[in-house]
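An overview of the molecular structure
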Amino acid sequence: MRRVKIIGGGLAGLGLGIALRRNSVPVEIREAGHYPRHRVCGEFITSLDRHTREGLQLDDILEAAHTARHVSWCEDGKDDIAHELPQPALCLSRHRFDESLAEKFLRLGGELHTGAREECVDEPGRVHACGRKPDPSSSWVGIKQHFHGLETNNDLEVHFGAAGYIGVTKVENDTVNVCGLLKRGAADFTQPLAVIARQGGFARLSRRLQDSEAVGDSFCAVAGLAYESPAADKLLHIGDRAGLIPPFTGNGMTIALQSAVAAAPALTAWAHGNSGWQETRGAATKALEHLFSNRRRFARILHPLILHPGARSFARTLDRMGVLPVGLLYRMMH
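Reading the values: the criteria
- Residues numbered from 1 in each chain as written.
- Predicted model: local features only at pLDDT ≥ 70, side-chain atom pairs only at ≥ 80, totals over all residues.
- Heavy atoms only, no water.
- Helix = DSSP H or I, 4+ residues; strand = E, 2+ residues; numbered from the N terminus.
- Expected span 1.5 Å × (residues − 1).
- Bend = angle between axes of the 7 residues up to and from the residue.
- Salt bridge = Lys/Arg side-chain N within 4 Å of Asp/Glu carboxyl O.
- Buried < 20%, exposed > 50% of the residue type's maximum accessible area, 1.4 Å probe, protein only.
- Axes fitted to C-alpha atoms, helices over the stretch in contact; angles between N-to-C directions.
- Parallel < 35°, antiparallel > 145°, perpendicular 65-115°, else oblique.
- Contact = heavy atoms within 4.5 Å.
- Nonpolar A, V, L, I, M, F, W, Y, C, P; charged D, E, K, R; others polar.
- Phe/Tyr/Trp six-rings, centres within 6.5 Å; stacked < 30°, edge-to-face > 60°.
- Lys NZ or Arg CZ within 6 Å of the ring centre and 35° of its normal.
- Pairing = 2+ DSSP bridges.
- Core = buried A, V, L, I, M, F, W, Y, C linked by side-chain atoms within 4.5 Å.

**Let's talk about helix H8 (residues 277-306)**
An ideal rise of 1.5 Å per residue puts 44 Å on 30 residues; H8 measures up with 42 Å between its terminal C-alpha atoms. Its axis deflected by about 45° at Phe292, H8 carries its strongest bend there.

Quick look at the structure:
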């Protein structure tokens, strides 16, 4: 049988490897990092469907996840807005999730190489799941750190400030993940996260972080985040490599896992010799576009609106009137 080579061992790459190994396809994953590792991620999983959970055998891993049912939208100097999520979400650290997926992939007989970097080139059987493509012109910086002893007001808090927004959510083992998207130059990103939050216009959250215990090795940051559609090329991309969705949607982890399941049938057919590579690449890309294009497009439209103080003020007015269409907005992004 033909061998599939996956470049990148994050959620999408490991998920695809698991899906293919369940169909006895020979799979090699080459990952530049090591496990376990922390990554800039909201660690908030929404709308994860049963088909994806079963296809990747995720139920045993997700048993450790914290279930989130309510969200608060927070802004300094204003009352919080609280809502029940249309569907419960799951919160699990990438530190644990990636490592658990890697262990499952190996148990299924997959071949995993860590500390192995690869060039992005087109060749039969090669899938690129190596994370977002950096955009030097982007003004966005992502930051993340875990905390102990941080009391939360809700399962998920989304804090808005002049520089962007920061999400706060409980994950497993009484740990709280703090992950933000901020404008480059809005803060000194070499400082502790409490200082970054204060410089970015999140004074109330900054004080809470100062009173909590930061998990030192969990801090990470990444620049060059772009939320426009990536330029088309001849490579087969899945996960973030195929296009980022703004993090306020809470849908990035789900998209990574769903993209693995969506691409697996075409690659399984290729591995069995039932299709050529160009046909396979086209079929997988089409399946991903069908699943994700609308939700990414709508999220890109909504993203600048939630960052605008006037738009947020209008949303608060609609919420006080009881006519803010939370359920409709949620469905359009998921």
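From this point, the narrative continues.
**With respect to the pattern of salt bridges**
By the definition in use, this model includes 19 salt bridges. For Arg126, the salt bridge is made with Glu123, and the minimal N-O distance between the two is 3.2 Å. By relative accessible area, Arg126 is classed as buried at 3%. It is possible to trace a salt-bridge network through shared partners that takes in Lys5, Glu28, Arg30, Glu118, Glu123 and Arg126.

**Regarding the packing of H8 against helix H10 (residues 326-333)**
For the pair H8 and H10, interaxial distance at closest approach is 7 Å and the crossing angle is 125°. With respect to H10, the element H8 is oriented oblique. Every residue of H10 that contacts H8 at Arg295, Phe298 and Leu302 is listed here: Leu329, Met332 and Met333. Looking at the contact of H8 with H10 residue by residue, the class counts come to five nonpolar, no polar and one charged.

**Brief notes about the packing of aromatic side chains**
Given two aromatic rings, their pairing is described by the distance between the two centres and the angle made by the two planes. Applying the stated rule across the entire model yields four aromatic pairs. With a centroid separation of 5.4 Å and 70° between ring planes, the pair formed by Trp270 and Trp277 is classed as edge-to-face. The same class applies to Trp270 and to Trp277, which are both buried. An aromatic cluster is defined as three or more aromatic residues linked by ring pairs; in this entry it consists of Trp73, Phe160, Tyr165 and Phe248. The side chain of Lys183 reaches across the aromatic face of Trp140, ending 4.2 Å from its centre.

**Quick word on the pairing of strand E11 (residues 175-183)**
Summarising burial for E11: eight of the nine residues are buried, a large majority. Direction of pairing for strand E8 (residues 140-148) relative to E11: antiparallel, over a ladder of nine bridges. In the sheet register, Gly142 faces E11, and the bridge partner there is Leu181. Once strand E10 (residues 164-170) ends, the chain turns through four residues before running back antiparallel as E11, passing Asn173 with a positive phi of about 60°.

**A look at the sheet that holds strand E2 (residues 27-31)**
The strand order across the open sheet formed by five strands is E6-E2-E1-E7-E14, and the pairing between neighbours is parallel. This sheet does not close on itself; its edge strands, each paired only once, are strand E6 (111-114) and strand E14 (236-237). Two elements, strand E7 (residues 126-128) and E14, share two bridges in a ladder whose sense is parallel. Residue pairing in the sheet places His128 in a bridge with His237 of E14. Together, strand E1 (4-7), E2 and E7 form the strand contacts of helix H1 (residues 11-21), whose direction differs from that of E2 by roughly 170°.

**Some points on H1**
Most of H1 sits inside the fold, with 11 of its 11 residues counted as buried. What H1 keeps buried is the set Leu11, Ala12, Gly13, Leu14, Gly15, Leu16, Gly17, Ile18, Ala19, Leu20 and Arg21. Summarising the contacts, the buried residues of H1 are in contact with E1, E2, helix H2 (50-55), helix H4 (94-107), E7 and helix H7 (252-271).

**Some words on the environment of Leu48**
In this structure, Leu48 sits in the loop between strand E3 (44-45) and H2. Take Leu48: its relative accessible area is 14%, and that puts it in the buried class. In sequence terms Leu48 and Ile255 are 207 residues apart; their C-alpha atoms lie 8.7 Å from each other. Leave out the neighbours within four places in its chain, and Leu48 touches Arg53, Leu58, Leu62, Thr254 and Leu257.

**Considerations on the nonpolar core**
Membership of the largest hydrophobic core comes to 51 residues, with the highest contact counts inside it found for Leu16 and Phe97. Breaking this core down by element, the ones donating at least two residues are E1, H1, E2, helix H3 (59-62), H4, H7 and H8. With 13 residues, H7 is the largest single contributor of residues to this core. Excluding anything up to four places from it in sequence, Phe97 contacts Leu11, Ile45, Leu58, Ile61, Leu62, Leu92, Met253 and Leu257. Ranked by size, the runner-up nonpolar core spans 21 residues in total, among them Phe160, Tyr165, Leu244 and Leu302.

The quantities given are spatial measurements derived from coordinates; they are silent on function.
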